[in-house]
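A closer look at the structure
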Amino acid sequence: RLPCPPRRRPAMAARLKRCVVRRRDGPEQHGVAASCLRELRDKACGVLAIDKAREPITLVLAEDGTIVDDEDYFLCLPANTKFVALAKDEKWSGKSLDSGTSWLSEAVDEVDSAGEKWKQLARQLKGDLSSIILMSEEDLQVLIDVPCSDLAEELAQSDTKTRVLQDTLQQVLDRREEERQSKQLLELYLEALKTEDSVLSKVAEPQAAPKKEMDVVDTGTSSTGTPAKTALSDQILAALREKPAPELCLDSQDLELVLKEDRAALAWALGWDKQKAGALQAACDQELSKRLQQVQTLHSLRSTSKGKKTLPWGDWPSSKRKK
């Protein structure tokens, strides 16, 4: 009896590619695996619950809105590429990159975003150490909290020198906190003096004069009653409104934005009068000038330090201030 020929195996299915899909205006994202573009469209309609009447859908790259309608192009994309599914008559809007629905701002990517942030700040330091002066308190704290070994690897420096750098970052942060506390104490002292003068003046008056109508505080509204608009983000406005010394919390770019802002618009956005808004801008201007002067001083020292292109890492103070 002749032996049976070997059974031919069925052709191997195309390799599945992992992808991430979401709707244009929805934060919820889903992971799917597809072997081709058509399969990805079908699965996206299913997991995103897109009505049949709104098909066919269009898949675009979440990063820049590039339409993906070519099979070869789809196969060239890396695994875990993120797509946005656009139903019929929907159009891609670049504003979604900056909106609250962008997954770069979503909680699901919060860890990844934080990781990318410290690496970006580390590369900034690697290129120019004087950028420490221009960083916000939040950025400084991010670099301080990074494990020393990870930061050393990113900076291509030894653990010892990286620890010195983190000590320096802590000192900068401590110094700003001391400045804030000193300013807050001074404001409390001045407020106490005003209160004391007010009490003494009332005691000296034989009879209280009739109260006049309160002047309307100019908060920057126009003559038509339309409030002036501000270009500052909600995060900057919150820091200006809530922090006792906000100019110490913001980085230099944010300080420049505050200085460029119209005083009336700033006063309206913060709910203050123009005089208080002007005092805030003056404080921001003073802080920004001080930082820029420090950077210029470091650059001057660098140019005269034995012809070295970068400031020696070991020259930074190594003693960490105890809180």
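Residues numbered from 1 in each chain as written. Predicted model: local features only at pLDDT ≥ 70, side-chain atom pairs only at ≥ 80, totals over all residues. Heavy atoms only, no water.

An unreviewed UniProt entry lists the protein under the name DFFA factor, with Tachuris rubrigastra as the source organism.

**Considerations on the overall build of the protein**
Within the protein one finds 11 helices and 4 strands. Every one of the 323 residues in the protein was classed for burial, and the buried ones make up 35%. Pairs at least 24 apart in sequence give 63% of the contacts found in the protein among residues at least 6 apart. (Helix = DSSP H or I, 4+ residues; strand = E, 2+ residues; numbered from the N terminus. Buried < 20%, exposed > 50% of the residue type's maximum accessible area, 1.4 Å probe, protein only. Contact = heavy atoms within 4.5 Å.)

**Overview of the sheet that holds strand β1 (residues 17-23)**
For sheets, the rule is that strands pair by backbone hydrogen bonds, running either parallel or antiparallel. As summarised here, the arrangement of the 4 strands in space is β2-β1-β4-β3, forming an open sheet in which the pairing is mixed. Only two strands of the sheet have a single partner each, and these edge strands are β2 (29-34) and β3 (58-61). Taking each pair of neighbouring strands and ignoring which way they run, the sheet shows an average axis angle of 40°. Here β1 runs beside β2; their pairing, made up of 6 bridges, is antiparallel. Residue pairing for β2: V21 is matched across the bridge by H30. Strands in contact with helix α1 (residues 37-47) are β1, β2, β3 and β4 (81-86); relative to β2, the strand with the most contacts, it is inclined by about 145°. (Pairing = 2+ DSSP bridges. Axes fitted to C-alpha atoms, helices over the stretch in contact; angles between N-to-C directions.)

**Re the nonpolar core**
Of all hydrophobic cores here, the largest spans 19 residues; its most connected members are V21, L40, I57, L59, V68, F74 and F83. Top element by residues in this core is α1. It accounts for 4 residues. (Core = buried A, V, L, I, M, F, W, Y, C linked by side-chain atoms within 4.5 Å.)

**Quick notes on the environment of A239**
Among the structural elements, A239 can be located in helix α7 (residues 234-242). For the pair A239 and L250, spaced 11 residues apart in the sequence, the C-alpha separation amounts to 7.9 Å. Discounting residues that sit within four places of it in the chain, A239 has contacts with P246 and L250.

**Description of the packing of aromatic side chains**
Applying the stated criterion to the full structure yields 1 aromatic pair. The interplanar angle of 45° and the centroid separation of 6.4 Å between the aromatic rings of F74 and F83 together place this pair among those described as tilted. Look at F83 and you get buried, because its relative accessible area is 0%. A cation over a ring is seen here: K17 above F74, with NZ or CZ 4.9 Å from the ring centre. (Phe/Tyr/Trp six-rings, centres within 6.5 Å; stacked < 30°, edge-to-face > 60°. Lys NZ or Arg CZ within 6 Å of the ring centre and 35° of its normal.)

**A word on a negative patch on the surface**
Judged by side-chain charge, D69, D70, E71 and D72 come together as a negatively charged surface patch. Among the structural elements, D70 can be located in the loop between β3 and α2 (71-76). Under the relative-accessibility criterion, D70 is labelled partly exposed at 38%. (Patch = residues over 30% accessible without salt bridge, like charges linked within 9 Å, V, L, I, M, F, W, Y side chains within 5 Å. Areas by Shrake-Rupley, 256 points an atom, 1.4 Å probe, with all protein chains shown as cover. Salt bridge = Lys/Arg side-chain N within 4 Å of Asp/Glu carboxyl O. Lys, Arg positive; Asp, Glu negative; His and termini not counted. Charge placed at Lys NZ, Arg CZ, Asp CG, Glu CD.)

**Thoughts on helix α10 (residues 263-270)**
Burial of α10 is extensive: 6 of the 8 residues sit out of reach of the surface. Along α10, the positions that sit buried rather than exposed are A264, A265, L266, A267, A269 and L270. Taken from the residues just after α10, G271 is the one with a positive phi, measuring 75°.

**Things to note about unusual backbone geometry**
The residue after E55, namely P56, is reached through a cis peptide bond having omega 0°. One non-glycine residue, D89, lies in positive phi territory at about 70°. Its place among the elements puts D89 in the loop between β4 and α3 (110-127). D89 sits in the exposed class, given a relative accessible area of 75%.

**Structural notes on the pattern of salt bridges**
If you walk through the whole model with that rule in mind, you get 14 salt bridges. Between R23 and E90 there is a salt bridge; the shortest N-O distance is 2.8 Å. Taken together, the positions of R23 in strand β1 and E90 in the loop between β4 and α3 put the pair 67 residues apart, joining distant regions of the chain. The buried category is assigned to E90, whose relative accessible area is 17%. Across the pair K117 and E138 runs a salt bridge whose closest N-O atoms are separated by 3.2 Å. Remark: E138 occurs in helix α4 (residues 137-145) and K117 occurs in helix α3; sequence separation between them is 21 residues. When its relative accessible area of 27% is taken as the criterion, K117 is described as partly exposed. Overlapping salt bridges, with partners in common, bring together E179, E287, K290 and R291 in one network.

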